[in-house]
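In case you want the letters, here they are:
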Amino acid sequence: MSRARQPPLVTGISPKEGAAWTKVTIRGENLGTGPADLIGLSICGHNCLLTAEWMSASKIVCRVGPAKDDKGEIIVTTKSGGLGTSTVSFKLIRPERIGILDQSAVWVDELTFRTDRNKGISPLSLRPSNPLGIDIDKGKISPKDLELTFPGMSADFTSENFSATWYLIENHAGSSFDQLKIAASNLKKQATKKNEGSLAYVKGGLSTFFEAQDALSAIHQKLESDGTEKVEGSMTQRLENILNRASNTADTLFQEVLGRKDKADSTRNALNVLQRFKFLFNLPLNIERNIQKGDYDVVINDYEKAKSLFGNTEVPVFQKVYAEVETRIGALRSLLLEKLLQTPSTLHDQKRYIRYLSDLHAPGDPAWQCIYAQHKWILQLMQNCRDEFISGQRVGAGALDPEGDARPPALGRLSHTASLKRGGSLRTPRSSNWHFETPQQVQFVEKLSDVVIGQLPNFWKLWISYVNGSLFSETGEKSGQVEKSKKNARQRQNDFKKMIEELTSRLVKLIRGALLPATLPQGELSLYGGWESKTELAGSWLTQIIHTVRGCHEALSAMEIPNDLLQVIQDLLLDLRVHCLMVTLVHTTEDVNRLAEKEDWLVDNEGITSLPSRFEQCMVQMLQSLKEPLEIKPGETNVLQLEQVQDQAAELSVRIMKVFVNSLEQLSTKTDGDINTSHNISVDLSSPDRFTGIQEGFTPTSEQRLLIILSNCQYLERHTFLNLAHHFEKHSFTGTEKITRVSVDAVRGLDRKLFEAYIERRADPIAGSLEPGIYAGYFDWRDCQTPTGVRNYLKEALVNIIAVHAEVFTVSKDLVPRVLSRIVESVADEMCRLMQCVSSFSKNGALQARLELCALRDAIATYLNADSNASFKLALESLPQLHSGADKKLLEELLNKFKSSMQLQLTCFQASSVQPIKR
């Protein structure tokens, strides 16, 4: 339920004072939603609704009636807001009545004060405003309906064709029966009063006559009794002189008034004679005035009336006037045809002008002329749109509609109509600097779609109206214009179909020239191309263009245009969707190649940096951006089912995966100088306690980078590639298995390469330090003292292994078993080689060697594999066996002493000690 509107409020009126029937302009707020919403308007208590003309919700124009009050408010009543209020008032000026002896420079309506002198007054003067003497109650029946109901009649009671019924319906439709009885009584009184007017005048002055006669008789008797003769200076002579002067004065006073009255009577009589023919004589001037005001309906009605009355007249004066009327009508036909073919124009105006020309019996077929002109104008608009963008005139400039105004674009206007059936706008909200950010091609396609959607629907509706004959009025139907129009439409159906084909083809070629120039013939590139200097569009902009073209297609389909005429747009959409898919994959390859630049080397608890998640996010965003282009609308083809598109998409997807793996390999080979950082720390492998976890801002060593990338490779293989395969399948991509297989093979190859590189860097130094440590101080296995413990070279080797453990554990605990097993394998193999190279051992030498081999083996037992176990076994077998119980006891004591002294350092080799690092 909509919220009720506020009551009307009048805040201004212009002018603020005036006489009756003054035209005023009323301004205010909430003055109605339309003409039908305005149900009441009173000024100074008088109902002015009949003359009211609703202009807008803040403006009404009307004429002030003859109100009773001299000053009052302006009250507006609407259906939606109810009874209103006013903050201003209007002052009604009463015209001053001028007496018969007063000088006046204006025409005096003698009827207002000479109601008892009807002699010589023409019927034109006898027009009382309310002859029935009751309140006038205007009905809501339009004058046009009354004219149709009473053809040839009039509500003017001075007309020869006066209709009392029409007058009553128009002025007293709401009067009660009792009021009508009172009106009938008033009419009878007026008739009686008119008949008795002369006699009443005599009766009213009878006493005056008697007084004058008595006065004259008294004077006569006085003169006779006095015997006064008519001599100079006598009373009789003086009385005669006085009467003569009075007579002259009276003649002077009334001569001008009476002469003016006689002249007026003669003028009225002449007008009364010409009353029947004044319509024809005034018609040329009225036609000119109504044309200037745009009241073409009035002109047509007057012309039809004059044609029926005087079209075949033989009176010369009438023929002359009627010829002038025909001349004016001919000029009107030319004017209306010019307005009809003028562009731009609204569908309402076009229909109106066609109806006018039909009623005026204009030659030719104005409706088809209008359709042809609109077709050429739309084609020119589309071409001008392209030329403006090519010439650079629209760079950063706000777009105007073809009418040159700042209305919302056509796509936005259609977004709320049933034609799109989506409920949403085709355009997303844009910032104020949108035109500076959006590529020219995108602006061009949207502007071009606005032109098509803004003009083609009205063009199509005009044709439909032309076909069904709804362009003509009832006069046109009677004259056979409708049947003639339908016949012409049937003959021109193929011509109109070619017009629609040309419009849709021009739309498609212009868009292809801007986005897909390779799909146009070489000869059309000069007309539709020329965009080579513009920036290449990214996939997101192509998606927006696809959205715009789809909206255009949906809007045209909703107008019930045949699908075969819109097939070229469907073909364009297919090519745009394929192009968007390929461009998006290519640009994603470039984006993925640049991901390595964003590596920050910060690992989480699982030893993974942000790079794999960024890669996955980039791929997911790519697939999401392709959701709309790959979406299958009604009548569209699934682009991923096209064999060629499948192969190209799979190839580009595999390329993206390989590019990312290659970027990881490039990261592993970067030198320390290639990594930008503001913080540098040194890592001492001989001091495991220096590993406190990777913190933000540190510079990883080359070995740490290898470990980080190894951890990322494992994550890619176990999680990322599987997730991406799911996303590919979700978006209906084909060849997912191939993409996943190639990606996994590539990352495994990189993993093996980087792992061997790291083992070589860490295992070789540790294994290489064993031989110099064993023979330090000219140690000889054949001549050595009784063992007192494990020598330092072995402890240093263990510390170095612990340092590797710490380095790997700091990055990823999952890599520790894999790396340490290879390190231990390398150390065991080296110890086995060294033991086997000794030619002979003394008793103490054999005990020392067995002590060190057992100490090393027990310390790193967690990470022994089959190869390292075999190496230790071969090394021990190359030593002389211990037969003495004292030697075995000493060996056990020394092993326990070693384990006790190295307990803290050897804790890291225990499986239970592997705990996540809390950061």
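Rules of the game
Residues numbered from 1 in each chain as written. Predicted model: local features only at pLDDT ≥ 70, side-chain atom pairs only at ≥ 80, totals over all residues. Heavy atoms only, no water. UniProt positions renumbered as here; feature names shortened; annotations may be inferred. Helix = DSSP H or I, 4+ residues; strand = E, 2+ residues; numbered from the N terminus. Buried < 20%, exposed > 50% of the residue type's maximum accessible area, 1.4 Å probe, protein only. Contact = heavy atoms within 4.5 Å. Areas by Shrake-Rupley, 256 points an atom, 1.4 Å probe, with all protein chains shown as cover. Pairing = 2+ DSSP bridges. pLDDT = per-residue confidence, 0-100. Salt bridge = Lys/Arg side-chain N within 4 Å of Asp/Glu carboxyl O. Axes fitted to C-alpha atoms, helices over the stretch in contact; angles between N-to-C directions. Parallel < 35°, antiparallel > 145°, perpendicular 65-115°, else oblique. Left-handed = near helix turned anticlockwise from the far one by under 90°. Nonpolar A, V, L, I, M, F, W, Y, C, P; charged D, E, K, R; others polar. Disulfide = S-S within 2.5 Å. Expected span 1.5 Å × (residues − 1). Arc of directions from axis to C-beta. Core = buried A, V, L, I, M, F, W, Y, C linked by side-chain atoms within 4.5 Å. Phe/Tyr/Trp six-rings, centres within 6.5 Å; stacked < 30°, edge-to-face > 60°. Lys NZ or Arg CZ within 6 Å of the ring centre and 35° of its normal.

Per an unreviewed UniProt entry, the chain is named Exocyst complex component 2, and its organism is Haplochromis burtoni. What the UniProt record of the chain gives under Function (unreviewed entry) is the line "Component of the exocyst complex involved in the docking of exocytic vesicles with fusion sites on the plasma membrane." Per its UniProt entry, the chain bears the Sequence similarities (unreviewed entry) comment "Belongs to the SEC5 family."

This part is about the overall build of the chain. Looking only at helices and strands, the chain has 32 helices and 11 strands in total. Of all 919 residues assigned to the chain, the portion counted as buried reaches 41%. Long-range pairs, those at least 24 residues apart, make up 74% of the contacts in the chain between residues at least 6 apart in sequence. Accessible area for the chain stands at about 50400 Å²; split by element, carbon and sulfur atoms hold 51% of it.

To continue, consider the sheet that holds strand 1 (residues 9-14). Strand pairing within a sheet occurs via backbone hydrogen bonds; the two strands may be parallel or antiparallel. With mixed pairing, the 5 strands of this open sheet are ordered in space as 6-7-3-1-10. Both outer strands of the open sheet, strand 6 (53-56) and strand 10 (85-86), are each paired with one neighbouring strand and no more. Two strands pair when backbone bridges link them, and strand 3 (residues 23-29) and strand 7 (residues 59-63) are joined in this way by 5 bridges, in the antiparallel orientation. Looking at the pairing, Val 24 lines up with Cys 62 of strand 7.

The subject of this paragraph is the environment of Ile 656. Considering the arrangement of structural elements, one finds Ile 656 in helix 23 (residues 643-669). The residues touching Ile 656, leaving out its near neighbours within four places in the chain, are Leu 585, Thr 588, Thr 589, Val 592, Phe 615, Met 619 and Met 622.

With that settled, the discussion passes to the side chain of Ser 163. With respect to the helices and strands, Ser 163 occurs in the loop between helix 1 (143-149) and helix 2 (164-171). Among all residues touching Ser 163, those that are not within four sequence positions of it are Phe 150, Met 153, Ser 154 and Ala 155.

Of all residues in the chain, 82% have pLDDT values of 70 or greater, and the mean over the chain is 78. When the criterion is pLDDT under 50, residues 104-126 qualifies, and its contacts beyond four places in sequence or with other chains add up to 29 contacts. Throughout residues 676-694 the model reports pLDDT below 50, and contacts reaching past four residues in sequence, or to other chains, amount to 37 contacts.

So, on to the pattern of salt bridges. When their charged atoms lie close together, side chains carrying opposite charge are able to pair. Applying the stated criterion across every chain, the model contains 28 salt bridges. Measuring nitrogen to oxygen at the nearest pair gives 2.8 Å for the salt bridge that ties Asp 70 to Arg 94. Residue Asp 70 is found in the loop between strand 7 and strand 8 (71-78), and its partner Arg 94 is found in the loop between strand 11 (89-92) and helix 1; the two are separated by 24 residues along the sequence. Its relative accessible area of 40% is what places Arg 94 among the partly exposed residues. Note that Arg 818 and Asp 751 form a salt bridge whose closest N and O atoms lie 2.6 Å from each other. One end of the pair, Arg 818, is in helix 28 (residues 816-837); the other, Asp 751, is in helix 25 (residues 736-768), and 67 residues separate them in sequence. Given a relative accessible area of 27%, Arg 818 falls into the partly exposed group.

At a minimum axis distance of 12 Å, the contact between helix 21 (residues 611-625) and helix 23 shows a crossing angle of 160°. The angle between helix 21 and helix 23 falls in the class roughly antiparallel. In terms of crossing hand, the pair formed by helix 21 and helix 23 is right-handed. Facing helix 21, whose interface residues are Leu 611, Pro 612, Phe 615, Met 619 and Met 622, helix 23 presents Ile 656, Met 657, Phe 660, Leu 664 and Leu 667. For the contact of helix 21 with helix 23, the per-class residue count stands at 10 nonpolar, no polar and no charged.

On to the state of the cysteines. Under the definition given, this model contains 0 disulfides. Of all cysteine sulfurs in the structure, the one in Cys 62 sits closest to Cys 48, which takes part in no disulfide; the separation is 5.0 Å.

What follows deals with helix 31 (residues 885-901). The end-to-end C-alpha distance of helix 31, which contains 17 residues, comes to 24 Å, matching closely the 24 Å that a straight helix rising 1.5 Å per residue would cover. Listed as buried for helix 31 are Asp 887, Leu 891, Leu 894, Leu 895 and Phe 898. Looking down the long axis of helix 31, one finds its buried residues gathered within 105° of arc, a one-sided arrangement. Helix 31 presents Gly 885, Ala 886, Lys 889, Lys 897 and Ser 900 as exposed residues on the side facing more than 90 degrees away from its buried surface. Where the residues of helix 31 are buried, they touch helix 27 (792-811), helix 29 (843-859) and helix 32 (903-906).

Okay, the nonpolar core next. For soluble globular proteins, nonpolar side chains are generally found buried alongside one another. Core analysis: the biggest nonpolar cluster contains 188 residues, and Leu 581, Phe 615, Val 819, Met 835 and Phe 909 have the highest contact counts within it. In this view, Val 819 contacts Leu 707, Phe 755, Tyr 758, Ile 759, Val 804 and Val 808; residues no more than four positions away in its chain are not counted. Counting residues in each nonpolar core, the second largest holds 19 residues, with Cys 48, Ala 67, Ile 74 and Val 76 among its members.

The full count for this structure, using the stated rule, is 12 aromatic pairs. Taking the centre distance of 5.8 Å and the plane angle of 75° together, the rings of Phe 389 and Phe 444 count as edge-to-face. With Phe 389 in helix 11 (residues 366-391) and Phe 444 in helix 14 (residues 440-468), this pair connects stretches of sequence that are 55 residues apart. Assigned by exposure class, Phe 389 and Phe 444 land together as buried. Each residue in the set Trp 368, Phe 459, Trp 460, Trp 463 and Phe 496 is aromatic and connected to the rest through ring pairs, giving one cluster. The cationic tip of Arg 791 hangs over the ring face of Phe 779; the distance from NZ or CZ to the ring centre is 3.8 Å. Over the aromatic face of Phe 755 sits the side chain of Arg 818, whose NZ or CZ is 4.1 Å from the ring centroid.

This next bit is on helix 10 (residues 347-359). Spanning 13 residues, helix 10 covers 18 Å between terminal C-alpha atoms, matching the ideal 18 Å at 1.5 Å per step. Restricting attention to buried positions, one finds in helix 10 the residues Leu 347, Gln 350, Arg 352, Tyr 353, Ile 354, Tyr 356, Leu 357, Ser 358 and Asp 359. Positive backbone phi, at 55°, marks His 361, one or two positions downstream of helix 10.

All right, on to unusual backbone geometry then. In this structure, the amide linkage connecting Ser 14 to the following residue, Pro 15, adopts the cis form with an omega of -5°. Within the element layout of this structure, Pro 15 appears in the loop between strand 1 and strand 2 (17-18). Backbone geometry places Trp 21, a non-glycine residue, at a positive phi of 70°. Position of Trp 21 among the secondary structure elements: in the loop between strand 2 and strand 3. Even without being glycine, Cys 44 reaches a positive phi, approximately 55°. As for its placement among the helices and strands, Cys 44 is situated in the loop between strand 4 (38-43) and strand 5 (46-47).

Here we come to the pairing of strand 8. With 6 of its 8 residues buried, strand 8 lies for the most part within the structure. In this sheet, strand 8 lies alongside strand 4 in antiparallel orientation, the contact comprising 5 bridges. Within strand 8, the residue paired with Ser 42 across the bridge is Ile 75. Here strand 8 pairs with strand 11 via 3 bridges, running antiparallel. From the neighbouring strand, Lys 71 faces strand 11, where its bridge partner is Lys 91.

One way to put it is that helix 23 packs onto helix 24 (residues 702-730) with a least axis distance of 10 Å and a crossing angle of 170°. One finds that helix 23 runs roughly antiparallel with respect to helix 24. Pair helix 23 / helix 24 crosses with right-handed handedness. Each of Ser 653, Met 657, Phe 660, Leu 664, Leu 667 and Ser 668 in helix 23 lies in contact with helix 24, whose residues at this interface are Arg 705, Leu 706, Ile 709, Cys 713, Leu 716, Phe 721, Leu 724 and Phe 728. Residue classes in the contact of helix 23 with helix 24 are distributed as 11 nonpolar, 2 polar and 1 charged.

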